[in-house]
Amino acid sequence: MRRRPELVFSPYCWRVRLALLHKGLSFDSQPMRFSDRAKLAFSGQQMVPVLRDGEEVVSDSLAIFRYLDQRYPAKPLLGDAMSSARLELIDQLIRHILPAGMLKGLVLNLHAVLDPADHDYFRESREQRLGMTLEQFADPVAGQAQLQQALRPLDAVLATQPYLDGAEPAASDYLVAGFFFWAWCLGEQPWSGDSPIGVWFQRLLSQYEAQLGPVKRAV
Ligand SMILES: N[C@@H](CCC(=O)N[C@@H](CS)C(=O)NCC(=O)O)C(=O)O
């Protein structure tokens, strides 16, 4: 999906990378453009992430988390059935509070790193969804204020424990962190580095980079 294929700028793909790292599973990642979607035909749908594990093909970040726990039970992401069901709720809450503010600051960065073949599609599909032009929507200052508000409950949890899932990171952390890695690789950091969430992100980033090397960032 990008002019610079080394940039991973889907928050949902980031979730899966973090989950694979949690499980200690090595993986190959295939960069894609929006216009390459025919390459996803094998998955029976049109979105990333898609995980291919031998004969198994799983799409959707949550479904991939569940698959990984079922196929590779060591180091659970989710734990028991109730945690698995709760993840749906957590994901819906996260999707409604986090990306909106972040996107106001990131949408033009995203457009800038796309492969030119994807520019029209990205603009048309996102403008239709947003009900306005990308330029009208882009507003980093308002986005940052909106994000700060949205981060309050997460900061409150992280003020009392190192990870959203407790003493060690697990599924809730990666569901949220996908959006932070997304912003980070697009060259932004619309949160305060010394807030609880900022410290939490740095911890996850250091763990990721210790194993997979520096995250490539847009300048
Ligand atoms: N429910 C999916 C959402 C995935 C999703 O929205 N993927 C975006 C990239 S971030 C995508 O593939 N978009 C394709 C398009 O907009 O045409 C998940 O959590 O995996």
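First, a word on scope: everything that follows refers to the structure included in this document. (Residues numbered from 1 in each chain as written. Predicted model: local features only at pLDDT ≥ 70, side-chain atom pairs only at ≥ 80, totals over all residues. Heavy atoms only, no water.)

### Considerations on the layout of surface pockets
- The computed volume of the largest pocket comes to approximately 1000 Å³.
- If you trace the largest pocket, you find 33 residues lining it, with Pro 11, Tyr 12, Met 47, Arg 126 and Arg 129 closest to the centre.
- Broken down by element, the residue count for the lining of the largest pocket peaks at six residues, all from helix H4 (residues 99-113).
- Within the lining of the largest pocket, the residues separate by chemical class into 21 nonpolar, five polar and seven charged.
- Taken as a whole, the second largest pocket spans an internal volume of roughly 740 Å³.
- Lining the second largest pocket are 29 residues, and of these Asp 28, Ser 29, Gln 30, Val 50 and Leu 51 sit closest to its centre.
- For the lining of the second largest pocket, the secondary structure elements donating two or more residues are helix H1 (11-23), strand S1 (50-53) and helix H2 (61-71).
- Its residues assigned to classes, the lining of the second largest pocket shows 19 nonpolar, four polar and six charged. (1 Å grid on protein atoms, 1.4 Å probe; cavity = no way out; pocket = protein on both sides within 12 Å on 5 of 7 lines; lining within 4 Å. Points joined across faces, edges and corners; volume = space filled by probe spheres on them. Helix = DSSP H or I, 4+ residues; strand = E, 2+ residues; numbered from the N terminus. Nonpolar A, V, L, I, M, F, W, Y, C, P; charged D, E, K, R; others polar.)

### Let's talk about helix H3 (residues 81-97)
- With 17 residues, H3 extends 25 Å from end C-alpha to end C-alpha; this agrees with the ideal 24 Å at 1.5 Å per step.
- Every buried residue belonging to H3 is among Ser 84, Leu 87, Asp 91 and Ile 94, and all of these are buried.
- Buried residues belonging to H3 abut H1, H2, H4 and helix H8 (171-185). (Expected span 1.5 Å × (residues − 1). Buried < 20%, exposed > 50% of the residue type's maximum accessible area, 1.4 Å probe, protein only. Contact = heavy atoms within 4.5 Å.)

### Re the site of the ligand
- Around the ligand lies a shell of 14 residues, among which Arg 37, Asp 60, Ser 61, Arg 95 and Tyr 121 are the nearest.
- Val 48 has a polar backbone atom sitting 2.8 Å from a nitrogen atom of the ligand.
- Here Asp 60 contributes a side-chain N or O atom positioned 2.6 Å from a nitrogen atom of the ligand.
- Under a 2 Å grid-point criterion requiring more than half of the atoms, the pocket assigned to the ligand is the largest pocket.
- For the shell around the ligand, the secondary structure elements donating two or more residues are H1 and helix H5 (119-130).
- Split by residue class, the shell around the ligand holds eight nonpolar, two polar and four charged. (Near = heavy atom within 4 Å. Polar contact = N/O pair within 3.5 Å; in protein donor to acceptor, adjacent residues only side chain to side chain. Sits in = over half its atoms within 2 Å of the grid points.)

### Details of the pattern of salt bridges
- Taken as a whole and judged by the stated rule, the model has nine salt bridges.
- One salt bridge connects Asp 69 with Lys 23, and the closest N-O pair in it is separated by 2.6 Å. Taken together, the residues span a long stretch of sequence, with Asp 69 in helix H2 and Lys 23 in helix H1 at a distance of 46 residues.
- Among the residues examined, Asp 69 registers a relative accessible area of 14% and is labelled buried.
- Across the pair Asp 115 and Arg 33 runs a salt bridge whose closest N-O atoms are separated by 3.4 Å. With a gap of 82 residues between them, Asp 115 in the loop between H4 and H5 and Arg 33 in the loop between H1 and S1 connect regions that are remote in the sequence.
- Here the salt bridges share partners, and the residues they tie into one network are Arg 33, Asp 36, Lys 39 and Asp 115. (Salt bridge = Lys/Arg side-chain N within 4 Å of Asp/Glu carboxyl O.)

### Thoughts on the packing of H3 against H8
- As a packed pair, H3 and H8 sit with axes 10 Å apart at the nearest point and diverge in direction by 20 degrees. Overall, the two elements H3 and H8 adopt an arrangement that is roughly parallel. Viewed along their axes, H3 and H8 form a crossing whose handedness is right-handed. Residues Leu 87, Ile 90, Asp 91 and Ile 94 of H3 form the contact with H8, whose participating residues are Ala 171, Ser 172, Leu 175, Val 176 and Phe 179. (Axes fitted to C-alpha atoms, helices over the stretch in contact; angles between N-to-C directions. Parallel < 35°, antiparallel > 145°, perpendicular 65-115°, else oblique. Left-handed = near helix turned anticlockwise from the far one by under 90°.)

### With respect to the packing of aromatic side chains
- Per the counting criterion, the structure on display carries 13 aromatic pairs.
- Aromatic side chains Trp 14 and Tyr 208 sit 5.3 Å apart centroid to centroid with 65 degrees between the ring planes, which places their arrangement in the edge-to-face category. Of the two residues, Trp 14 is situated in helix H1 and Tyr 208 in helix H9 (residues 196-212); the sequence distance between them amounts to 194 residues. Taken individually, Trp 14 and Tyr 208 each receive the classification buried, so the pair is uniform in this respect.
- With centroids separated by 6.1 Å and ring planes inclined at 35 degrees, the aromatic side chains of Phe 180 and Phe 201 adopt a geometry described as tilted. Placement of Phe 180 in helix H8 and of Phe 201 in helix H9 is noted, with a sequence separation of 21 residues between them. In this pair, the class of Phe 180 matches that of Phe 201, namely buried.
- Connected via pairs of aromatic rings, a cluster forms that spans Trp 14, Phe 180, Phe 181, Trp 184, Trp 191, Trp 200, Phe 201 and Tyr 208.
- Positioned above the aromatic ring of Trp 14 is the side chain of Arg 17, whose terminal nitrogen or guanidinium carbon lies 5.4 Å from the ring centre.
- Above the ring of Trp 184, the side-chain terminus of Arg 217 is found at 3.5 Å from the ring centroid. (Phe/Tyr/Trp six-rings, centres within 6.5 Å; stacked < 30°, edge-to-face > 60°. Lys NZ or Arg CZ within 6 Å of the ring centre and 35° of its normal.)

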